[in-house]
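Residue-level listing of the chains:
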2 protein chains.
Amino acid sequence: MAQDKKLVEAITSMEDDFAQWYTDVVRKAELCEYSSIKGCMIFLPNGYAIWENIQKELDRRFKETGVENVYMPMFIPEGLLEKEKDHVEGFAPEVAWVTHGGKDQLTERMAVRPTSETLFCDLYANIVHSYRDLPKVYNQWCSVVRWEKTTRPFLRTTEFLWQEGHTAHATAEEAEERTIQMLNLYADFCEEVLAIPMIKGRKTDKEKFAGAEATYTIEALMHDGKALQSGTSHNFGDGFAKAFGIQYTDKDNQLKYVHQTSWGMTTRLIGAVIMVHGDDSGLVLPPKIAPTQVAIIPIAQHKEGVLEKANALYEKLSKTYKVSLDDSDKKPGWKFSEQEMRGIPLRIELGPKDIEANQAVVVRRDTREKILVSLDEIDTKLQEILDTMQKDMLERARAHRDAHTTEALTYEEFKDAVANKPGFVKAMWCGDVACENKIKEDTTATSRCMPFEQEKLSDVCVCCGKPAKAMVYWGKAY
Amino acid sequence: MAQDKKLVEAITSMEDDFAQWYTDVVRKAELCEYSSIKGCMIFLPNGYAIWENIQKELDRRFKETGVENVYMPMFIPEGLLEKEKDHVEGFAPEVAWVTHGGKDQLTERMAVRPTSETLFCDLYANIVHSYRDLPKVYNQWCSVVRWEKTTRPFLRTTEFLWQEGHTAHATAEEAEERTIQMLNLYADFCEEVLAIPMIKGRKTDKEKFAGAEATYTIEALMHDGKALQSGTSHNFGDGFAKAFGIQYTDKDNQLKYVHQTSWGMTTRLIGAVIMVHGDDSGLVLPPKIAPTQVAIIPIAQHKEGVLEKANALYEKLSKTYKVSLDDSDKKPGWKFSEQEMRGIPLRIELGPKDIEANQAVVVRRDTREKILVSLDEIDTKLQEILDTMQKDMLERARAHRDAHTTEALTYEEFKDAVANKPGFVKAMWCGDVACENKIKEDTTATSRCMPFEQEKLSDVCVCCGKPAKAMVYWGKAY
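Attention in this report is confined to the structure presented alongside it. Being a predicted model, the structure only gives us computed values, none of them experimental.

## What about the side chain of B:Q339?
Residues and elements named next belong to chain B. As for its placement among the helices and strands, Q339 is situated in helix 11 (residues 332-342). Within the structure, the side chain of Q339 is placed 3.0 Å from the backbone oxygen of I344, a separation counted as a polar contact. When sequence neighbours within four positions are dropped, the list of residues in contact with Q339 reads A295, I297, I344, L346, R347 and R365.

## Brief notes about the packing of helix 14 (residues 411-420) of chain B against helix 15 (residues 433-443) of chain B
All names here are of chain B. Following both chains from N to C, one finds helix 14 and helix 15 inclined at 50°, their axes separated by 10 Å at the closest point. Relative to helix 15, the element helix 14 lies oblique. The handedness of the crossing between helix 14 and helix 15 comes out as right-handed. Along the contact surface, helix 14 presents Y411, F414, K415 and V418, while helix 15 presents K438, I439, D442 and T443. Among the residues forming the contact of helix 14 with helix 15, the class breakdown is four nonpolar, one polar and three charged.

## Some remarks on the relation of the copies chain A and chain B
Relative to chain B, chain A is turned by 180° and slid 0.0 Å along the rotation axis, the superposed coordinates differing by an RMSD of 0.0 Å. Such a turn and shift between the copies fits a two-fold axis. Across chain A, the rotation axis passes nearest the C-alpha of A:V98, at a separation of 2.1 Å. The overlap is high: 100% of the interface residues of chain A also sit at the interface in chain B, so the same surface is used on both sides.

## Concerning the sheet that holds strand 7 (residues 136-145) of chain A
Residues and elements named next belong to chain A. One open sheet accounts for 11 strands, arranged 3-7-8-14-11-10-9-22-23-21-20; its pairing is mixed. Two strands lie at the open edges of the sheet, namely strand 3 (68-69) and strand 20 (405-407), each paired on one side alone. The strands that helix 9 (residues 268-277) touches are strand 10 (214-221), strand 11 (227-237) and strand 14 (259-266); relative to strand 11, the one it contacts most, it runs at about 145°. Helix 14 (residues 411-420) contacts strand 20, strand 21 (424-429) and strand 23 (470-475) of the sheet and is inclined by roughly 155° relative to strand 21.

## Some words on the environment of B:I54
All names here are of chain B. Inspection of the secondary structure assignment puts I54 in helix 3 (residues 45-64). By relative accessible area, which is 0% here, I54 ends up buried. Expressed as a C-alpha distance, the spacing of I54 and I270, which sit 216 residues apart in the sequence, is 9.0 Å. The residues touching I54, leaving out its near neighbours within four places in the chain, are F189, L194, L269, I270 and I289.

## Describing the interface of chain A and chain B
With 50 residues of chain A at the interface, the matching set in chain B holds 50 residues. Interface area for chain A against chain B, summed over the two sides, is near 4100 Å², with a carbon-plus-sulfur share of 66%. Inspection of the region where chain A meets chain B yields two salt bridges. In terms of residue count, strand 5 (residues 96-101) of chain A provides more of the side of chain A that touches chain B than any other element does, six residues in total. Partitioning the side of chain A that touches chain B into residue classes produces 32 nonpolar, nine polar and nine charged. Across five bridges, the pairing between strand 5 of chain A and strand 5 (residues 96-101) of chain B is antiparallel. Looking across to strand 5 of chain B, one finds that A:W97 is bridged to B:H100.

About the cut-offs
- Residues numbered from 1 in each chain as written.
- Chains lettered and ligands numbered in written order.
- Predicted model: local features only at pLDDT ≥ 70, side-chain atom pairs only at ≥ 80, totals over all residues.
- Heavy atoms only, no water.
- Helix = DSSP H or I, 4+ residues; strand = E, 2+ residues; numbered from the N terminus.
- Polar contact = N/O pair within 3.5 Å; in protein donor to acceptor, adjacent residues only side chain to side chain.
- Contact = heavy atoms within 4.5 Å.
- Axes fitted to C-alpha atoms, helices over the stretch in contact; angles between N-to-C directions.
- Parallel < 35°, antiparallel > 145°, perpendicular 65-115°, else oblique.
- Left-handed = near helix turned anticlockwise from the far one by under 90°.
- Nonpolar A, V, L, I, M, F, W, Y, C, P; charged D, E, K, R; others polar.
- Least-squares fit on C-alpha atoms with pLDDT ≥ 70 in both.
- Pairing = 2+ DSSP bridges.
- Buried < 20%, exposed > 50% of the residue type's maximum accessible area, 1.4 Å probe, protein only.
- Buried area = accessible area lost by both parts, 1.4 Å probe.
- Salt bridge = Lys/Arg side-chain N within 4 Å of Asp/Glu carboxyl O.

All quantities given are derived from atomic positions and should not be read as evidence of function.
Here it is in structure tokens:
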């Protein structure tokens, strides 16, 4: 059993050191590998397969709402990046610059895209002429680069993968509608597929996107009580349209500016899945996003008929599920540890006694519950177990979040909550950035969002005591 | 009818000026748009959707052979790029260099990847230790950058999209097997899905990839008689392994170098589809790659029942096919021109008389053949027509290629063929690079490949008269 223990012992307990636990899991589950480029990571097959599943499902949902995919150049000429004032101020400090092509110095240096608003605006200025050309609802899947000082796998890296949607509409109402539609799509996806409940709300002006009129966000709570911004949707109004001259002739023959939105989700979602669902044995993947849903592990596989039966089961289940069969010469305990580390939702143990009884032992990764299932009905039974597990994981995450959300009516309560009760703090706010700054300085917590579901906890700002304008979720964030 | 004509008249005839015809088609079919970055293009929805279909089908075929997808950083430190001598000499002249991150100058500049051999080697050196870790069969879908002087949409652009597979094997035999396996997979995909027949063969040393022991290629013939290298598969032997120190402990406890391969196909395949199948009315897409397979166009749609029936047909066919319905107020002739320009394989014309006769007119894009189909059996009939069209397009392309392939026994015949008979020239070669250079200088034709299917046309080199070593396909190339 020395071999079995090695894999498990190598992981730090999440209660001892959550950051180290996280690092251990991403490496031991072979999700990623560090590269020789500062701040850039390598997505290994186990990690990239999760992203492929996220892409497939999100892309399907996008297209149902009329989104069309495009691909824009990865470079942005410096002059183009500078066209919208707030935008360039927000991004220029973290841009990677290309200065040479081959042996020649470029006449104008180019940014490696940190985001592509400026490129889409340039395109829309060229191809939008009439109301008949609207709306434009384009999206691209690509990588972007932001020169980060400190990085962590999936959560913050110099290069990361994402999708960025960029739309142009005839009216302000239509743009606002699309902004909210995509935020809702993001939240539904996270809840239904990643089993992560989201707080939907609006960012304060301090926290909004560079150049946006309004930024909406979905915020999730990680196991350690820190918040993770998981997706954002921005309404730009006509600010970019005016900076880039994106005008169309309306039905009334008037020249008008378009109204724009953008929205994105990134590979940090993989980090969210790890930090919401993982445990001290490793990754726990929701069935709907797991690259492998079921791991068949033969017991006493040297005995006659075991491998044969395991193979037959593999063939049968592969028609419906994503299944693996580990018939290597490792010991079963070692295989269990590997399956648990990788977060494969279900394990099927199949040994000589099971075969004699025409049954198998199905073990849930999240609860470790062992379920005896007749081999005759295992095909349908697995779907039930996977569905239940998916649902339980969402409810467990929701219960954890609710148990780690505190209401603070006074500044003392607020500071105590941030210091001693990891999680969200709900508190009233006057709307003044000065209070946000003071709170951040005093506690390191930031405003996560003004939730759509407002509650009136009191009449006054938790910080300054002036009349409150909104209830805000606060927290320490990744 | 003035409106109908406008769209068609705007295209140059392919016999008059093939290059201008190509440019006209990619713009009028809205496949791409020029960007403000020199040599970079924007993939519009019509163009990107073709790439998505290519990706989906290729990726499926890859995974059936055990390929796993990963994602590597887009940057390569200069020192890493320089590790394999031939490789850096091949690529350094066309690399884009990042020199600054934010406000800081980098201590070592980084190349935007022109290809990722060096990154994969760096990874394999870190993660391959034992024979148990082999083979590694990784692939990534990404964009790469090569600083090109002259560019053409899809065919040669500074940034382009591709997949690059990189594998590591225990033995030389296994590496060679994988190299050929992927070349065959590429050729099968192009023939079965893109309806483009391929010549499979090996590149001469002059034309092989920088750092490879052997480069295999698939070569296609475009409508204008020029060749297009459409995919390559390289066997690196242990050259990169020695440069990067990729060693494993074998079963016999000996430390050995791995043997490596790489293979790639790019968005230039979209250019191949345009130039093999297109005609003077625009694009002609093979049914298996077409984002829209069937366009329903109502005739006299103001008449009672027409739009209703067209909508019902749309609903019915959408279950099986990728269908569009154009119920805009444009005239039918204009809609026909648009459908033809975009290369949608089938058009269904449905008017009051058709409805009365319980039939529709199905028009093939490639032959313009009109087929009367009963509405009762249209669902199954369409599949037959699409299958026939797919098959006919491949056979037509093959016949065109064969009709534009000349055998040359003397150098006079060779020069005459290159000058006056657009297409491939088959001729014997002594194996000396001097003859390749002379032929290129005299005729601008290059060696495309030494085909696997060798023929002995004569005993002597077509250029120098010395003993011949191989039959070679020559041609002017994109």
